[in-house]
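# Fold and geometry: a report
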Amino acid sequence: MARLLAPFAVVASEHLQNGIPRALPNHSSSIGNRGAKNQTPFQYHDHKERRRGVRDWGNKPLSDVDPDLYYIMEREKHRQWRGIELIASENFTSLAVFEALGSHLTNKYSEGLPGSRYYKGNEHIDQIESLCCSRALAAFHLDPGKWGVNIQPYSCSSANFAVFTACLQPNDRIMGLDVLSGGHLSHGYQTQGGEEDLLADKIHAFLMCDMAHISGLIAAQECDCPFDYCDVVTSTTHKSLRGPWGGIVFFRKGLKAPGKSGDTASVNLEKEINFAIHPTLQGGPDNNHTAALAVSLKQVCSNEYKEYIQQVKKNAQALAEGLKRRGCKLVTDGTNNHLLLWDLRLFGITGNLLEEVCEACHITVNKNAVYGDSSSWQPGGVRIGTPTMTSRGCNEGDFDTIAEFLYRAMQIAANLNKGNSKTQSKNEVLGNGEILELRSKIEEFATAFEMPGFDVPQ
Ligand SMILES: Cc1ncc(COP(=O)(O)O)c(C=O)c1O
């Protein structure tokens, strides 16, 4: 019997194939059915009937209202559960976060900040956002007298752009890394406590850190802390932090980050950053996101979360050792965080080919440039992260098994390459016997682990 997350109904057995929901039950309905006659409350004068009419459109589960969409979502659930997810920027969040994300809070407009909204009726939303902000400061061990936070950005790219909008005038400059050197598309800027603070201090610049990947490690005090020397810190909330999808900006209030020269000019970007987020770049915040982020930040403050992050790092090291023991080359020869970069050039294959073969085997990794590459579209490496499978309870031994799966996928890719992969169609890759054999081992391995957030047929 299928155990599924409420309020989803159990999938009827005739729609299951090997425990997985089949393709859409009825394609013809997938674009809507204008012709169908629905009950509407306004057909009735009787108050009781009108109430029933409202329930008819407003209180039905997704599986009844839109089976097409429901089945696609069920199949995605199975994809997540049956495979090994190793995208370093992803994670599996919790049922509590899902519950807060899909709620009645989406009904409310709350442009502005707690205590100063454009619309009335925001007393509860104000409480939720204030709670979320104070948990955000607590999660990163920040003094509310010295740091402020805005949790409204829809994503980290929007958060970064809001910071640029707040800090820069036309013709001002941004200094950072380009994409091939490890920067992100939205800025190309990353700092790890090097000499950047000294330089920023010298030229009277603001120093910003986008900690999107490592924010979970920073909160758990398991890596260098950018708050000691930066003026602004941005992040996603859905990567190692294990929250809902979104962005966040922390800004220093009062004195500027104390530079190595001892310069402590005053800085207060609060007004500019808040104004850049709303009304300049965004409308109202997504209150579901705010509530879900508040839940995940509460989890981030727990001892269990610190233990989780420590395990994420141990697993990344076990994976690195496992690959190296099998003769693989890693950029930087290992890792001290949640991800590693596998240089595939030794085996004569691109990250694109391994990513493709891994997907066919039900492992998800992503192609990534390695030092010396001239294109991030045909790079010589793949990036592999441990946060997601650690959320499913994998330990070092499991990651050694994952290293073996990855190594095997690489061997298959190298063989395909010898046979000139360019002429291999996607169907040929999917029908390859070695891939099918590996895929079945991988699915057997993955389905033996729990899935946070939802249940699936066992
Ligand atoms: C360092 C960094 N900054 C920003 C982003 C973009 O985040 P979002 O997708 O939330 O815009 C990413 C995404 O991977 C990232 O790695």
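Worth saying up front: this structure is predicted, and the values here are computed from it rather than measured.

All right, on to the overall build of the chain then. Along the backbone of the chain there are 16 helices and 15 strands. Looking at the chain as a whole, 48% of its 458 residues are labelled buried. Excluding contacts between residues fewer than 6 apart, the proportion of contacts in the chain whose partners are at least 24 apart in sequence is 69%. Carbon together with sulfur atoms contributes 53% to the accessible area of the chain, which is approximately 23,300 Å² in total.

Before going further, it helps to spend a moment on a nonpolar patch on the surface. A surface patch of nonpolar side chains, about 400 Å² in accessible area, is lined by Y109, Y118 and Y119. As for its placement among the helices and strands, Y118 is situated in the loop between β5 (116–117) and α5 (123–139).

For the pair helix α12 (residues 351–360) and helix α14 (residues 396–418), the least separation of the axes is 9 Å and the interaxial angle reads 120 degrees. Where α12 crosses over α14, the two elements pack in a sense that is right-handed. Within the contact between the two elements, α12 uses L353, L354, V357 and C358 and α14 uses L406, A409, M410, I412, A413, L416 and N417. Taken together, the residues of the contact of α12 with α14 sort by class into 10 nonpolar, 1 polar and no charged.

Further remarks concern the UniProt feature "modified residue: N6-(pyridoxal phosphate)lysine" (unreviewed entry) in the chain. Here, UniProt's "modified residue: N6-(pyridoxal phosphate)lysine" (unreviewed entry) annotation points to K239. Topologically, K239 is positioned in the loop between β8 (232–236) and β9 (247–255). On the basis of relative accessible area, K239 is assigned to the buried category, the value being 12%. With residues up to four places along the chain from it excluded, the contact list for K239 reads S89, N91, A212 and H213.

Another aspect to go through is the pattern of salt bridges. Going through the model one piece at a time under the given rule, you end up with 21 salt bridges. A salt bridge links R326 to E404; the shortest N-O distance between them is 2.7 Å. With a gap of 78 residues between them, R326 in the loop between α11 (303–325) and β11 (329–330) and E404 in helix α14 connect regions that are remote in the sequence. With relative accessibility at 35%, the residue E404 sits in the partly exposed group. The residue K441 makes a salt bridge to E437 at a minimum N-O spacing of 3.7 Å. Of this pair, K441 and E437 both sit in helix α16 (residues 433–446), 4 residues apart, which is roughly one turn of the helix.

Taken together, 13 residues are adjacent to the ligand, and S155, C156, S157, D210 and K239 come closest. Take S155: an N or O atom from its side chain is 3.0 Å from an oxygen atom of the ligand. A distance of 2.9 Å is found between an oxygen atom of the ligand and a backbone nitrogen or oxygen belonging to C156. Burial of the ligand by the surrounding chains reaches 85%, relative to a free accessible area of 390 Å². Its residues assigned to classes, the shell around the ligand shows 3 nonpolar, 8 polar and 2 charged.

Strand order in this open sheet of 4 strands is β11-β12-β15-β14, and the pairing throughout is antiparallel. Edge strands, defined here as strands with exactly one partner in the open sheet, are β11 and β14 (366–368). Pairing analysis gives 2 bridges linking β11 to strand β12 (residues 339–343), with the strands arranged antiparallel. In the sheet register, L330 faces β12, and the bridge partner there is W342. Seen against the sheet, α11 touches β11, β12 and β15 (381–385) and runs at an angle of roughly 15 degrees to β12.

Here we take up the side chain of S110. In this fold, S110 is placed in the loop between α4 (95–101) and β4 (112–113). Separated by 2.8 Å, the side chains of S110 and N287 make a polar contact. Ignoring sequence-local partners within four residues, the contact set of S110 consists of R117, N122, I125, P285 and N287.

Secondary-structure assignment places S296 in helix α10 (residues 287–300). The exposure class of S296 is buried, given its relative accessible area of 2%. Between the alpha carbons of S296 and C132 there is a distance of 9.4 Å; along the sequence they are 164 residues apart. Excluding residues within four positions of it along the chain, S296 makes contact with V97, R242, G243 and P244. A distance of 3.0 Å separates a polar atom in the side chain of S296 from the backbone oxygen of L293.

A word on the packing of aromatic side chains. Here the structure, examined in full by the defined rule, presents 10 aromatic pairs. Geometrically, the ring pair formed by Y70 and Y71 is edge-to-face, given 5.7 Å between the ring centres and 85 degrees between the ring planes. Following the ring pairs from residue to residue traces out a cluster consisting of F140, W147, F227 and F250.

Below, the discussion takes up the environment of G148. By secondary structure assignment, the location of G148 is in strand β6 (residues 147–150). We classify G148 as buried; its relative accessible area is 6%. G148 sits 12 residues away from A136 along the chain, and the two C-alpha atoms are 9.5 Å apart. Not counting residues up to four positions away in its chain, the partners in contact with G148 are L137, V249, F250, F251 and K253.

Moving on: the nonpolar core. Counting 43 residues, the largest nonpolar core has I84, L86, L323, W342, L354, I384 and L406 as its most contacted members. Where this core is concerned, the elements lending two or more residues are α11, β12, α12, β15, α14 and α16.

Moving on: the pairing of β12. Counted residue by residue, β12 has 4 buried out of 5 residues, so it is predominantly covered. Bridge analysis of β12 against β15 gives 5 bridges, and the strand direction is antiparallel. Among the inter-strand pairings, L341 is bridged to a residue of β15, identified as R383.

Calculation rules
Residues numbered from 1 in each chain as written. Predicted model: local features only at pLDDT ≥ 70, side-chain atom pairs only at ≥ 80, totals over all residues. Heavy atoms only, no water. Helix = DSSP H or I, 4+ residues; strand = E, 2+ residues; numbered from the N terminus. Buried < 20%, exposed > 50% of the residue type's maximum accessible area, 1.4 Å probe, protein only. Contact = heavy atoms within 4.5 Å. Areas by Shrake-Rupley, 256 points an atom, 1.4 Å probe, with all protein chains shown as cover. Patch = residues over 30% accessible without salt bridge, like charges linked within 9 Å, V, L, I, M, F, W, Y side chains within 5 Å. Salt bridge = Lys/Arg side-chain N within 4 Å of Asp/Glu carboxyl O. Axes fitted to C-alpha atoms, helices over the stretch in contact; angles between N-to-C directions. Left-handed = near helix turned anticlockwise from the far one by under 90°. Nonpolar A, V, L, I, M, F, W, Y, C, P; charged D, E, K, R; others polar. UniProt positions renumbered as here; feature names shortened; annotations may be inferred. Near = heavy atom within 4 Å. Polar contact = N/O pair within 3.5 Å; in protein donor to acceptor, adjacent residues only side chain to side chain. Pairing = 2+ DSSP bridges. Phe/Tyr/Trp six-rings, centres within 6.5 Å; stacked < 30°, edge-to-face > 60°. Core = buried A, V, L, I, M, F, W, Y, C linked by side-chain atoms within 4.5 Å.

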